[in-house]
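# Structure assessment
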Amino acid sequence: MKYYISAFLLLSVFLTACNPLKVPKSTMNHKMSATPTDVVPTKSEWILGADPPQAKVKIPISLLIKDSSNQPIKSFETIHEKKMHLFIVSKDLAYFSHIHPTYKENGLFDFTASFPTRGDYKLISEFTPKGGGDSSVETHWLQIEGEEGTAVPLVPDKELSHVVEGKKVALSFDHLMAGKTVHLIFTIKDAKTNKPLKNLQPYLGALGHTVAISADAEKYLHIHPMTTEGSGPAVTFMTIFPEKGLYKIWGQFKHKGKVFTVPFVINVPK
Ligand SMILES: [Cu+2]
């Protein structure tokens, strides 16, 4: 099997528990001799430009990335066209945002974010210090004041098909089980005509990006497609869900110059 990865490799992926569970790049390049994950240990300092931070207001936020001896890390690899990818989710996972902080200097990244309602939000930053083989992740919980929203319960989708911005997106799996390699297949059609979309465009250097976060927001997976070729209608991703339970998944794709995001809630069995 082309995409087979060994038990040894799975083990090495699990050992990086605090980092995104991802398949090492060498496997993504379809080589069988996968190198173990190579993550540079980091620390972070999050600096808020508002105290207390309020909902519905643009808040400047800085993020300082340091090495394990508290020195700023100064250079970063450009991965998928950016030096840092940052995801913001609300505690109930109803809110999702994917942004790209600006690198200033001396380990400092800047961005602004506005939060829809009062509550707790998790900020998940992903970056690769120069020379690191795999990405490092730094996260931060942020408490936002202001108007209360309505908490949305996380319920598994009855049907794995959603219409978003005129696209009908279906999600399927080959073998969904915790701790096992799974292929996620997104199939994208035009919602009106039901015709498969064959002209998807690369978004940030890949045909799509998928993020999966566990119900408690503790487990984070950033998944890229199996190949860099193709343009739809099917886009296949491979990952390993570390534990059973509920996960929310956001698939992001680009069509006619516009990025669209399609969320799913799934229950991963043991
Ligand atoms: Cu990104």
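Below or above, wherever it landed, is the structure these notes cover.

Cut-offs applied
- Residues numbered from 1 in each chain as written.
- Predicted model: local features only at pLDDT ≥ 70, side-chain atom pairs only at ≥ 80, totals over all residues.
- Heavy atoms only, no water.
- Helix = DSSP H or I, 4+ residues; strand = E, 2+ residues; numbered from the N terminus.
- Buried < 20%, exposed > 50% of the residue type's maximum accessible area, 1.4 Å probe, protein only.
- Contact = heavy atoms within 4.5 Å.
- Areas by Shrake-Rupley, 256 points an atom, 1.4 Å probe, with all protein chains shown as cover.
- Pairing = 2+ DSSP bridges.
- Axes fitted to C-alpha atoms, helices over the stretch in contact; angles between N-to-C directions.
- Phe/Tyr/Trp six-rings, centres within 6.5 Å; stacked < 30°, edge-to-face > 60°.
- Donors = N, O, S within 2.8 Å, 3.2 Å for Na, K, Ca; no water.
- Core = buried A, V, L, I, M, F, W, Y, C linked by side-chain atoms within 4.5 Å.

### Some words on the overall build of the protein
Helix and strand content of the protein: 2 helices and 17 strands. For the protein, buried positions account for 44% of its 270 residues. Of the contacts formed within the protein by residues at least 6 apart in sequence, a portion of 63% connects residues at least 24 apart. Total accessible area computed for the protein in this model is approximately 13,200 Å², and 53% of it derives from carbon and sulfur atoms.

### Observations concerning the sheet that holds strand E11 (residues 181-190)
One open sheet accounts for 4 strands, arranged E9-E10-E11-E15; its pairing is antiparallel. Two strands in the sheet have a free side with no partner beyond their single neighbour: strand E9 (161-164) and strand E15 (234-240). In this sheet, adjacent strand axes meet at a mean angle of 25° when their direction is disregarded. Note that E11 and E15 share 7 bridges and pair antiparallel. Looking at E15, one finds that Phe-186 is bridged to Val-235.

### Considerations on the packing of aromatic side chains
Considering all chains together, one arrives at 15 aromatic pairs under this definition. Their ring planes at 70° and their centres at 5.0 Å tell us that Phe-76 and Phe-109 sit as a pair that is edge-to-face. Placement of the pair is Phe-76 in the loop between strand E2 (59-67) and strand E3 (84-90) and Phe-109 in strand E6 (residues 108-113), with a sequence separation of 33 residues. Accessibility assignment for this pair places Phe-76 and Phe-109 in one class, buried. With 6.0 Å between their ring centres and 80° between their planes, Phe-76 and Phe-127 make a pair best called edge-to-face. With Phe-76 in the loop between E2 and E3 and Phe-127 in strand E7 (residues 119-127), this residue pair connects regions lying 51 residues apart in the sequence. This pair shows no difference in class: Phe-76 is buried, exactly as Phe-127 is.

### What to know about the coordination of the copper ion
In this structure, His-85 (ND1), His-98 (NE2) and His-100 (NE2) serve as the protein donors to the copper ion, at separations of 1.8 to 2.1 Å. Classification of His-85 as buried rests on a relative accessible area of 5%. A relative accessible area of 26% places His-100 in the partly exposed class.

### As for the environment of Pro-233
Positionally, Pro-233 belongs in the loop between strand E14 (220-223) and E15. A sequence separation of 38 residues divides Pro-233 from Lys-195, and the C-alpha atoms of the two residues are 9.2 Å apart. Those residues in contact with Pro-233 that lie beyond four places of it in its chain are Phe-186, Thr-187, Ile-188, Pro-196, Leu-197 and Lys-198.

### A look at the nonpolar core
Core analysis: the largest hydrophobic core is formed by 26 residues, its most contacted members being Phe-186, Phe-241, Ile-249, Phe-253 and Ile-266. With 5 residues, the single largest contributor to this core is strand E17 (residues 258-268). Setting aside residues up to four positions removed in sequence, Ile-249 forms contacts with Leu-171, Leu-184, Phe-186, Thr-210, Val-211, Ala-212, Phe-241, Val-262, Pro-263, Phe-264 and Ile-266. Of all hydrophobic cores here, the second largest spans 20 residues; its members include Ala-55, Phe-111, Phe-115 and Ile-144.

### Comments concerning the pairing of E3
Within E3, 7 of the 7 residues are buried, which leaves it mostly tucked inside the rest of the structure. Burial of the side chains of E3 extends over both faces: Met-84, Leu-86, Ile-88 and Ser-90 are buried on one face and His-85, Phe-87 and Val-89 on the other. Examined bridge by bridge, E3 and E7 share 7 bridges and lie antiparallel to one another. Each residue of the ladder has a partner; that of Val-89, found in E7, is Lys-122. Here E3 pairs with strand E4 (residues 96-99) via 4 bridges, running antiparallel. Bridged to Ile-88 within E4 is Ser-97. Between E3 and E4, which follow one another and run antiparallel, lie 5 residues, and Leu-93 among them has a positive phi close to 65°.

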